[in-house]
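In case you want the letters, here they are:
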Amino acid sequence: IAVRMEQTAPAGAVRISQDTFTQVRGLFEVAAQESLRVKGVDAPVSSYLVLHAKSRPVRSATRGIEGLPTRMIGRELEFGLLQDAFGLLFQKPTLVAITVVADAGIGKSRLLHEFELWAQTQDRKFHLFRGSATPQTQDQPYGLLRDILAWYCQIADHDPPASARAKLHTAIAPLFVHDDGPDQAESHVHLLGHLVGIEWTGSRHLRTILDDPRQVRNRAFHAAAQLLRRVSTADGAPLVLLLEDLHWADSESLDFLDYMKQVNRDLPMLLLGLCRPGLMERRPDWLGTPRLHQRIDLTPLDRTGSRQLADELLRKLTEIPAALREHITAGSEGNPFYMEELVRMLLDQGTIHAADGRWTLNDSRLLLNQVPPTLTAVLQARLDALPAAEKLVLQQASVIGPVFWDQALTALDPSAASLLPALQQRDLVQRRANAPADGLGEYAFKHHILYQVTYATVLKGTQRELHGRLAHWMTGHSLFRTNEFLGIAAEHFEQAGDTANAAEFHTRAAEHARARLAHEAVLRHVARGLHLLGPTSSADARHLRWRLLEVREHTLELQGERAGQRADIESLEQLAEDLDDDRRRAHAFNRRSVLASRLADYANAESSARQAMACAARAGDHELRLRGQRMVAINMARLGQVAQGLALAEATIAEARALGLRLAEALCLNTLSSLAATRDDQVGFFELAQQTMAFALDMNDGRPDPHALTNLGAARLGLGELIQSRKELEEGLRLLRASGNQAGGCAALCRLASLSLWQGDDAQALAMAHRAVEQALAVQARDFEVVALCLLGDAELALGRHLAATQAFEQAQVLAVELELAYRFDAAAGLGRVALDLGDTNAALQAIDPVLMHTATGGSLHGAESPLLVQWTCHQVLARARDPRAIAWLEQAHHAIQATAARITDTQLRHAYLTNIPHHRAIVAAWAAR
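Keep in mind that this is a model prediction, so the values were computed, not measured.

**Q** Would you explain the state of the cysteines in this entry?
**A** In a disulfide, the sulfur atoms of two cysteines are covalently bonded to one another. One pass over the structure, following the stated rule, counts zero disulfides. As a non-bridged cysteine, C790 has C750 as the owner of its nearest cysteine sulfur, 9.6 Å distant. When its relative accessible area of 8% is taken as the criterion, C790 is described as buried.

**Q** Explanation requested: the pattern of salt bridges in the structure shown.
**A** Pairing is possible between side chains of opposite charge, provided their charged atoms come close. Following the criterion strictly, the structure yields 57 salt bridges and no others. The shortest N-O distance in the salt bridge between D681 and R679 comes to 3.2 Å. Take R679: its relative accessible area is 24%, and that puts it in the partly exposed class. Between R801 and E796 there is a salt bridge, and its shortest N-O distance comes to 2.7 Å. Taking the relative accessible area as the measure of exposure, R801 reaches 40% and is therefore partly exposed. Through salt bridges with shared partners, a single ionic network connects E340, E341, R344, D348, R382, D427 and K446.

**Q** What exactly am I supposed to notice about the packing of helix α38 (residues 823-837) against helix α39 (residues 841-856) here?
**A** Axis angle and axis distance: for two packed helices, these are the angle between their axes and the distance between the axes, and together they describe the pair. In the contact formed by α38 and α39, the axes pass within 7 Å of each other and the chain directions differ by 155°. Classified by the interaxial angle, the pair formed by α38 and α39 is roughly antiparallel. In terms of crossing hand, the pair formed by α38 and α39 is left-handed. Contacts from R824, F825, A828, A829, L831, G832, A835 and L836 of α38 reach α39 at A843, A844, A847, I848, P850, V851 and H854. Considered class by class, the residues forming the contact of α38 with α39 number twelve nonpolar, two polar and one charged.

**Q** Just to check I follow, could you spell out helix α11 (residues 303-313) for this structure?
**A** Residues separated by three or four positions in an α-helix point in the same direction, a consequence of the helix having 3.6 residues per turn. Looking at α11, one finds that the buried residues are G305, S306, L309, A310, E312 and L313. Buried positions in α11, seen along its axis, are confined to an arc of 160° and lie on one side of it. In α11, those exposed residues whose orientation departs by more than 90 degrees from the buried face are R303 and T304.

**Q** Before we go on, may I ask you to explain the side chain of R625 in this structure?
**A** For R625, the position within the fold is in helix α28 (residues 622-638). The exposure class of R625 is buried, given its relative accessible area of 14%. Within the structure, the side chain of R625 is placed 2.5 Å from the side chain of E655, a separation counted as a polar contact. What R625 contacts, discounting residues up to four positions off in sequence, is M613, A616, A617 and E655.

About the criteria used
- Residues numbered from 1 in each chain as written.
- Predicted model: local features only at pLDDT ≥ 70, side-chain atom pairs only at ≥ 80, totals over all residues.
- Heavy atoms only, no water.
- Disulfide = S-S within 2.5 Å.
- Buried < 20%, exposed > 50% of the residue type's maximum accessible area, 1.4 Å probe, protein only.
- Salt bridge = Lys/Arg side-chain N within 4 Å of Asp/Glu carboxyl O.
- Axes fitted to C-alpha atoms, helices over the stretch in contact; angles between N-to-C directions.
- Helix = DSSP H or I, 4+ residues; strand = E, 2+ residues; numbered from the N terminus.
- Parallel < 35°, antiparallel > 145°, perpendicular 65-115°, else oblique.
- Left-handed = near helix turned anticlockwise from the far one by under 90°.
- Contact = heavy atoms within 4.5 Å.
- Nonpolar A, V, L, I, M, F, W, Y, C, P; charged D, E, K, R; others polar.
- Arc of directions from axis to C-beta.
- Polar contact = N/O pair within 3.5 Å; in protein donor to acceptor, adjacent residues only side chain to side chain.

Without other data, these values stay purely geometric and don't point to any function.
Written out as structure tokens, the structure reads:
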């Protein structure tokens, strides 16, 4: 056969047979050739021309035992489904997601391996991405996303930061330069690098947004999804993204994959992931829409499949005795990994003797050999059979983790790395395919269960000693990316019993996670850090506890967990007193003001903000003082002192500009726009919202801030520009959700409910209002709860459900009165509209009586959600009752509309304001008819 291959190969080329290809597939690009007739061989021989070595070889060239490749058994149906999905990529541009689910050892990795090798032999161009999660990276925010980027950019673990940055820039920037220009392309690279821990210290693209993790995450998600899109659209070739061990993936990377599935759903892309069933418990909504995301469950091999695999594993024997076959399959329960490891155990023990490429069976040893009843026992037996030096090295490697590095192993034992080739030969560990040939070598245990069994054999005292040495080596080694390994270092210090260092590194890991909006990681590291600190009261411990609580309080605020947030603020206040630190006192009072404002406790919010101002002034911290002053201004307005609040807000923004405090200036702009809305100054609200958006875009390199975006959408809504308003509100809501900001979505949902009502989509308005109520309840945003309940009442009324509408308005009224909010007038007017619709004029009059009494004594409707709708309702009720006051209410409403319209210089926008808002249109028509 070899002679025939040589004779038929083109000049300068290498032709190989099927058997040779089986040995080297995954390492070389080949082209399939027509089968050849070979003298002395009955069947035609398949052959391939070798084109070149793969730039990224597939993880391993062969699968099996002692270098003997084995066929995949019993997975024909599942393999066919993956092949069909691959073919679909070339038929229509759509994303296909498949998750293969199975317990450990059932064959997920083998199925993926065979599919990848098959895909590589197809005469179709595609772009391959891969990534894998490990137990070590599941606590590392964006660890899986980093692995995907590292694979694409060929960044190795041993690369120093400068090299990693250069590789990231070289691989990614060219994808964006043509459309976005070099400056924006560089911004994408820096954002992605920062998100996954490849820092760009001092980057001008990051400098202005590092204090806003929400923007960092949103923009980096956008850049990562666009990266995949640009790779595909550059030449039209589809993408294949292979992801292993998703059950260990960090939550933030899973969030990105969910985001990517949405924004790139029109991209020809196969997203193929492997996981254990635990992922579905952790993320019940992982699959999303079954039509778009398919689940494939791998089950254990049946009896026939088990026997076929046993024959495949034992085919180097001249004859396979039935007793040996039964020996291999009896206790396996269809688990291929168990069967492979049992055969390896028989080889290790000498029951099967391998020599000169042939195997022989020692029948007497087989009879004496006891089959371990579990996979763990099989692996334990293999460990026991190892030479002592090799077993020790494997144990030391297990302390590092399921993935380990040769230099780390050398730090534990200078002679250990020399025995890694022997462990590779025994198929206990394997060198990672994406690890460099020199520098920091990366290895992995053959299977996670093997890693667990090995670690369990290390004595506790030895574990503590090795974890300690490893932690100090990691934190002092220049090759390791410090920020990425903060959590891992914390775990090693903790395992070593070094609580002081463990608490410090959990704190750093929590701060790192906060800067990337990785909420779960923040809460996990803070909990561990506080537990390790315990009741200690040293100054160092107090400073560390402050850092931990500050990070968690910020995260709980975003999640709307008010009880936990309040408890952390109280702890921060106590720590500030213990440390006698005015700057910390100011921070704690500012946070208390924010919390009180969220809960609509405006008096407490104002007084806390004044205390923050006083403490910050003593500390000489102008930015903290101005933040407090801003909160005083907005809460004064909410308490009815609108003019005073406005004057203070304008003074605050002037001082922020004079001091060059741009973040404080941005916050003040937002405050001024909110105050304009409170005064029902729709034109001023719109102008300030535009300024806020322009300011945010300038600070954020052209990327929208979700709060500024929803604010602008709300301002457009108030002027009747409904189509653009919907776009901005929906995009702002999407960005807020993507960043995990539960509290921020209430306003957008309320505005979208109003918009749907005005457009006549009552069912959609009802759905949005329900979601707004649920969101407000979840985050205890009591002011937005009132607004949402009023909108719910209007939607129910529009659908003719009077009882439900009445209940919603009554709930809103009770809560608004309790909180002393002007929204009580919206609720009263809503009850009046329900009564009018039922034809009960007396009930309508009774409903609006609080509004009539308030205005009769000189009160205004400032602070109500919709003063004009309240005025229009009062006119309608009074007109139905033939009350002469009706004319005054109509005149007042019409005058307010015309005054606002006169300030709108854009003709189309003025027309939208007068005609697109139903009660505006009704007021204008009623006045004209009169």
